[in-house]
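This is what each chain is made of:
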Amino acid sequence: MYICIDFDGTVVDHRYPYVGDPVPLAVDWLQRFAELGAKLILFTMRSDGAEGEELLRDAVQYFEKNNIQLFGINRNPDQDSWTSSPKAYAHIYIDDAAFGCPLIHPATFNRPCVDWKQVGPAVEARLLGGE
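Residues numbered from 1 in each chain as written. Predicted model: local features only at pLDDT ≥ 70, side-chain atom pairs only at ≥ 80, totals over all residues. Heavy atoms only, no water.

A. Just the pattern of salt bridges, in detail. Taken as a whole and assessed by the stated rule, the structure comprises 7 salt bridges. For R46, the salt bridge is made with D8, and the minimal N-O distance between the two is 2.8 Å. Within this pair, whereas R46 is found in the loop between strand 2 (39-42) and helix 2 (55-65), its partner D8 is found in the loop between strand 1 (2-5) and helix 1 (26-35), the two being separated by 38 residues in sequence. Just as R46 is buried, D8 falls in that class too. The partner of R32 in a salt bridge is E35, with the nearest N and O atoms 3.9 Å apart. Taken as a pair, R32 and E35 lie in helix 1 at a separation of 3 residues, close to a single helical turn. Exposure remark for R32: the relative accessible area of 29% places this residue in the partly exposed category. One salt-bridge network, held together by shared partners, links R32, E35 and E124. (Salt bridge = Lys/Arg side-chain N within 4 Å of Asp/Glu carboxyl O. Helix = DSSP H or I, 4+ residues; strand = E, 2+ residues; numbered from the N terminus. Buried < 20%, exposed > 50% of the residue type's maximum accessible area, 1.4 Å probe, protein only.)

Okay, here's the thing in structure tokens:
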């Protein structure tokens, strides 16, 4: 199963262009999804700029530091043989801006973020063959 994961507001607090504090339970659940065989695709608006900004690299390094293997970055490599669309193909998209995504707002965070207490178990159930 392919899962596209947004970064700011989903994995870390919105502190763009900086990397914010971890969203509670995000790393734990992403590691679990990978253990269950999910192919995680970082699907973010971050990019590396011409003026030496490495905003996308910062996000990728966050995953590396947290031992979360990415299958793709802003693209699904497996779709190259059947489409040239820039949209990354996935079965699930997890994004704080997605309509209906459960959110929480920790006191120290700039904006609401993904509620992994709800999202994690729901995605895990799909990965295990439920729903």
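Don't stop here, the text continues.
B. Examining the side chain of D8 more closely. Given the relative accessible area of 8%, D8 is considered buried. Once residues within four sequence positions are removed from consideration, D8 is found in contact with D13, H14, R15, Y16, Y18, R46 and D96. (Contact = heavy atoms within 4.5 Å.)

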